[in-house]
Amino acid sequence: DTSNPSVISYGHGNRTRYHGIEIGREVLALPFLHRDPPQEVVCGLTDLVALQVAAIHREAFAGSSVSSVFIPDTVARVGEAAFSRCFRLQGVVCHAQVLERECFKCCYALETVVLGGQLQVVPASAFRFCDALQSVTISGTVHNIGPNVFENCVRLSHVDLSGSSLTAIKEVAFCNCESLKKM
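A quick note: this is a predicted structure, and the numbers were derived from the prediction, not measured.

Caption draft 1: Local environment of the sheet that holds strand 6 (residues 68–71). Read from one edge of the open sheet, five strands run 6-8-10-12-14, paired in parallel fashion. Single-partner strands in this sheet number two, and they are strand 6 and strand 14 (158–163). Across the sheet, the axes of successive neighbouring strands diverge by a mean angle of 5°, strand direction being ignored.

Listed below in structure tokens is the structure:
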């Protein structure tokens, strides 16, 4: 439903026909949705707290047309590649407790990222190949940036770590970030 900006549509690849699934208010998790026949999930995720979402599973929204994501600290876990290949995704605010590797990898339109809340580790390759990424703010309890996290984010020019508890940046975390001059 493109008329409602709070609606997220899930689709994958070049599939043209989808079956609908409606997410209710007692959701414990957004599970792995790549099944045959192809499916579509349409859910108003403006307020994940009201939905009581505890976890977003592996590849749950991979390849979807979502344009922005807000994940509150009530979400315990965002699974591996959960939002990877979301080619329209432009902004992420994430306060989830745990992110798994490659959770936002290859989101080519992604421009801004804000990470904080109870998150402690930005995992390996989390934002790898996000070509349009320009600004990242990391605050709260984040103490570790994993390997390859921002690798090949060629437009990344601003990284604000001032509000973080950062103690470690792993190997090649900022490899090929050509526009990044200082942090």
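Caption draft 2: Representation of the sheet that holds strand 13 (residues 144–145). Sheet architecture is open: three strands sit in the order 11-13-15, paired in parallel fashion. Unpaired on one side and paired on the other, strand 11 (121–122) and strand 15 (168–169) mark the two borders of the sheet.

Caption draft 3: View of the pattern of salt bridges. Under the counting rule described, the total for this entry stands at five salt bridges. Between K105 and E102 there is a salt bridge, and its shortest N-O distance comes to 3.7 Å. E102 matches K105 in its accessibility class, with the two residues each being buried. Here R128 makes a salt bridge to E151, at a shortest N to O gap of 3.0 Å. Of the two residues, R128 sits in the loop between strand 11 and strand 12 (135–139) while E151 sits in the loop between strand 13 and strand 14, which places them 23 residues apart along the sequence. Each member of the pair, R128 as well as E151, carries the same accessibility label: buried.

Caption draft 4: Seen up close, the packing of aromatic side chains. Under the counting rule described, the total for this entry stands at six aromatic pairs. On the numbers, 5.4 Å between centres and 10° between planes, the contact of F61 with F83 is stacked. Here F61 is found in the loop between strand 5 (55–56) and strand 6, whereas its partner F83 is found in the loop between strand 7 (77–78) and strand 8 (91–94), with 22 residues between them in sequence. Neither F61 nor F83 differs from the other in exposure class; each is buried. When the ring of F83 is compared with that of F104, the centres are 5.3 Å apart and the planes differ by 5°; the resulting orientation is stacked. Highlighted residues: F83 in the loop between strand 7 and strand 8 and F104 in the loop between strand 9 (98–99) and strand 10 (112–115), separated in sequence by 21 residues.

Caption draft 5: How the structure looks around the nonpolar core. In terms of nonpolar packing, the biggest core is built from 43 residues, with I71, F83, F127, L133 and F150 touching the most fellow members. Those elements giving two or more residues to this core turn out to be strand 6, strand 8, strand 10, strand 12 and strand 14.

What counts, and where the lines are drawn
The numbering scheme is per chain: residues are counted from 1 as the chain's sequence reads. Side-chain atom pairs in this predicted model are given and counted only at pLDDT of 80 or more, local residue features only at pLDDT of at least 70, and totals for whole chains, interfaces and linings cover all residues. Only hydrogens and water are removed before side-chain values are computed, so all heavy atoms of the structure are retained for them. Only strands that DSSP links by at least two bridges are regarded as paired with each other. Only DSSP runs of H or I covering at least 4 residues are called helices, and only runs of E covering at least 2 are called strands; the numbering of each starts at the N terminus. Here the axes come from fitting lines to C-alpha atoms, over the contacting stretch only for helices, and the angles between their N-to-C directions go from 0 to 180 degrees. Should a side-chain nitrogen of Lys or Arg be within 4 Å of a carboxyl oxygen of Asp or Glu, the pair is scored as a salt bridge. Relative accessible area decides the class of each residue, using a 1.4 Å probe on protein chains only: under 20% of the type maximum gives buried, over 50% gives exposed, and in between gives partly exposed. Two aromatic rings, drawn from Phe, Tyr or Trp (for Trp, its six-membered ring), form a pair once their centres lie within 6.5 Å of each other, and the interplanar angle then sorts them: stacked below 30 degrees, edge-to-face above 60, tilted otherwise. Put simply, a nonpolar core is a bunch of buried Ala, Val, Leu, Ile, Met, Phe, Trp, Tyr and Cys residues held in one set by side-chain atoms that sit within 4.5 Å of each other.

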